[in-house]
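A look at the structure
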Amino acid sequence: MNMTGEVIGTVAYLNALLVGVDKVYFVGRVSLLESVTSAIDKRLELAGVTSVYIENREFANAVGSLSFLKPDR
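Below, the structure is looked at part by part. (Residues numbered from 1 in each chain as written. Predicted model: local features only at pLDDT ≥ 70, side-chain atom pairs only at ≥ 80, totals over all residues. Heavy atoms only, no water.)

Some points on the overall build of the protein
Looking only at helices and strands, the protein has three helices and two strands in total. When its helices and strands are written in sequence order, the protein yields α-β-α-β-α. Projected onto its principal axes, the C-alpha coordinates of the protein cover approximately 45 × 25 × 20 Å. By sequence separation, contacts in the protein at least 24 residues apart represent 75% of the contacts at least 6 residues apart. (Helix = DSSP H or I, 4+ residues; strand = E, 2+ residues; numbered from the N terminus. Contact = heavy atoms within 4.5 Å.)

The following block contains the structure:
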């Protein structure tokens, strides 16, 4: 789990630096695991990037998929 969080954190901070932001939002069920979020946060800290974990983030992927299926598209 730690290695998974390290990879996610590394990819997140590299992309954050690439686009010039200092805050990264995480969604999905994996971000509910403390061992993963701890590793993510440690990686982001190296680059001075802040992580944000919103409430009910485990449903964000489903909400995005459902909005894609809206008939008015």
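Structural notes on a nonpolar patch on the surface
Together, Met 1, Ile 8, Val 30 and Leu 33 line one region of the surface with nonpolar side chains, adding up to about 330 Å² of accessible area. Structurally, the position occupied by Val 30 is in the loop between strand 1 (23-26) and helix 2 (34-47). A relative accessible area of 45% means that Val 30 is categorised as partly exposed. (Patch = residues over 30% accessible without salt bridge, like charges linked within 9 Å, V, L, I, M, F, W, Y side chains within 5 Å. Areas by Shrake-Rupley, 256 points an atom, 1.4 Å probe, with all protein chains shown as cover. Salt bridge = Lys/Arg side-chain N within 4 Å of Asp/Glu carboxyl O. Buried < 20%, exposed > 50% of the residue type's maximum accessible area, 1.4 Å probe, protein only.)

A short note on the packing of aromatic side chains
Tallying each qualifying case throughout the model produces one aromatic pair. For the ring pair Phe 26 and Tyr 53, a centre distance of 5.4 Å and an interplane angle of 20° mean the geometry is stacked. Taken together, the residues Phe 26 in strand 1 and Tyr 53 in strand 2 (residues 50-53) connect sequence positions 27 residues apart. (Phe/Tyr/Trp six-rings, centres within 6.5 Å; stacked < 30°, edge-to-face > 60°.)

A short note on the side chain of Thr 37
Along the polypeptide, Thr 37 turns up in helix 2. Thr 37 gets classed as buried once you look at its relative accessible area, which sits at 8%.

With respect to helix 1 (residues 2-19)
Count 3.6 residues to each turn of an α-helix, and residues three or four apart come out pointing the same way. With 18 residues, helix 1 should cover 26 Å at 1.5 Å per step; its first-to-last C-alpha distance of 26 Å lies within 8% of that length. Regarding helix 1, the residues found buried are Gly 5, Gly 9, Ala 12, Tyr 13 and Ala 16. One side of helix 1 carries all its buried residues, which in axial view fall inside an arc of 95°. Turned more than 90 degrees off the buried face of helix 1, the exposed positions are Met 3, Val 7 and Leu 18. In the core, the buried residues of helix 1 are packed alongside strand 1 and helix 2. Following helix 1 by one or two positions, Gly 20 adopts a phi angle in the positive range, close to 80°. (Expected span 1.5 Å × (residues − 1). Arc of directions from axis to C-beta.)

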